[in-house]
Amino acid sequence: MKFLEYTNLDRLNVFMSHLNLGEITIKGCLEAYSCKHAGTDKRLSLSLENEMLDYLGKSSDSDSSSPVDLLLSRSSRKALIYLVLTLYQMYPDYDFSAVKAHQFFSEESWETFTQIFSNYMFEASKEWTERNEDGSLLEVIYEALDEVVNLAECEIYVYNPNPNADPFLEEAAIWSFCFLFYNRKQKRVAGFRFCCISNLANDAFLADTPPYGEDDEIFDDMDM
């Protein structure tokens, strides 16, 4: 996957990178990638493909919870691989399983995204309007994404794993979302992750964390 640079995405990322709104902080990031293999992508793609084929071989038609219907299609498996590769780019320290990842992907519409965004990013949108005069935050995000992946031709996915296994969920997070916009024709994926951090809970967490070097000082006084 090749990272694509867009000025309009950069501008939004500057605004959303650490938006302190008093009791909460909003963190958001928009990233765009071409689906051209780079680095270890080819090896990883083959590994993911073999993982899915192995899963198909072991799955039972009576298993209603299995993702067999989607994985039977080569084009769908290819799309899933691109989505997982995008997640690897967005969160390189996390090991994603293609089969397990499928269970946490759901295809959504732009209307669903708009509703979620409007409900959860209301305060951030107000702050954007106070600072900028070129449209609402949602309108600017739409224009930026449309420039990259042509939203009219996109499949929109939300990645919503178990909270205990969510790589995007930070300490003191109240909520977190990760949307992926995939254009098959252009072979591009845009990712948009955004979350809300409780400043009060985060301050409490930091207060409970020993300062750097404190453990060393304790051990210095011990006769080892």
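1. Focus on the packing of helix α6 (residues 110-120) against helix α8 (residues 137-149)
Running from amino to carboxyl end, α6 crosses α8 at an angle of 140°, the nearest separation of the two axes being 11 Å. Classified by the angle their axes make, α6 and α8 are oblique. The crossing of α6 and α8 is right-handed. Touching W110, F113, T114, F117 and S118 of α6 are L137, L138, I141, Y142 and L145, all from α8. Tallied by class, residues from the contact of α6 with α8 come to 8 nonpolar, 2 polar and no charged.

2. Regarding helix α1 (residues 7-16)
Taken together, the buried positions of α1 are L9, L12, N13, F15 and M16. Along the long axis of α1, the arc covered by the buried residues comes to 160°, so they all point the same way. Seen from the open side of α1, the exposed residues pointing more than 90 degrees away from its buried face are T7 and V14. Residues of α1 that are buried make contact with β2 (19-20), β3 (24-34), α7 (122-131), α8 and β7 (188-198).

3. So, the environment of Y55
Its location among the elements puts Y55 in helix α2 (residues 41-58). For Y55, a relative accessible area of 21% puts it in the partly exposed group. Along the backbone, Y55 and L71 are 16 residues apart, and their C-alpha atoms lie at a distance of 9.0 Å.

4. Details of unusual backbone geometry
Although it is not a glycine, N150 adopts a positive phi angle of roughly 55°. Since its relative accessible area comes to 25%, N150 is described here as partly exposed. Residue K187 is not a glycine yet carries a positive backbone phi of 55°. Along the polypeptide, K187 turns up in the loop between β6 (173-183) and β7.

5. Structural notes on the packing of aromatic side chains
Inspection of the entire model under this criterion finds 23 aromatic pairs. Arranged with centres 6.0 Å apart and planes meeting at 55°, the rings of Y82 and Y182 form a pair that is tilted. Taken together, the residues span a long stretch of sequence, with Y82 in helix α4 (residues 74-90) and Y182 in strand β6 at a distance of 100 residues. Assigned by exposure class, Y82 and Y182 land together as buried. Each ring, one from F117 and one from F194, has its centre 6.1 Å from the other, and the planes form 65°; the classification is edge-to-face. Of the two residues, F117 sits in helix α6 while F194 sits in strand β7, which places them 77 residues apart along the sequence. The same class applies to F117 and to F194, which are both buried. Clustering of aromatic rings is evident, with ring pairs tying together W110, F113, F117, Y120, Y142, W175, F177, F179, F181, F192 and F194.

6. Concerning α4
In a regular helix each residue adds 1.5 Å, so 17 residues correspond to 24 Å; α4 covers 24 Å between its end C-alpha atoms and thus fits that length. Among the 17 residues of α4, 13 are classified as buried, and the element is accordingly described as predominantly covered.

7. What about the packing of α2 against α4?
Running from N to C, α2 and α4 point in directions that differ by 130°, and their axes come no closer than 10 Å. By the angle class used here, α2 and α4 are oblique. Viewed along their axes, α2 and α4 form a crossing whose handedness is right-handed. Of the residues in α4, those touching α2 at D41, L44, S45, L48, E49, M52, L53 and L56 are R77, L80, I81, V84, L85, Y88 and Q89.

Parameters at a glance
- Residues numbered from 1 in each chain as written.
- Predicted model: local features only at pLDDT ≥ 70, side-chain atom pairs only at ≥ 80, totals over all residues.
- Heavy atoms only, no water.
- Axes fitted to C-alpha atoms, helices over the stretch in contact; angles between N-to-C directions.
- Helix = DSSP H or I, 4+ residues; strand = E, 2+ residues; numbered from the N terminus.
- Parallel < 35°, antiparallel > 145°, perpendicular 65-115°, else oblique.
- Left-handed = near helix turned anticlockwise from the far one by under 90°.
- Contact = heavy atoms within 4.5 Å.
- Nonpolar A, V, L, I, M, F, W, Y, C, P; charged D, E, K, R; others polar.
- Buried < 20%, exposed > 50% of the residue type's maximum accessible area, 1.4 Å probe, protein only.
- Arc of directions from axis to C-beta.
- Phe/Tyr/Trp six-rings, centres within 6.5 Å; stacked < 30°, edge-to-face > 60°.
- Expected span 1.5 Å × (residues − 1).

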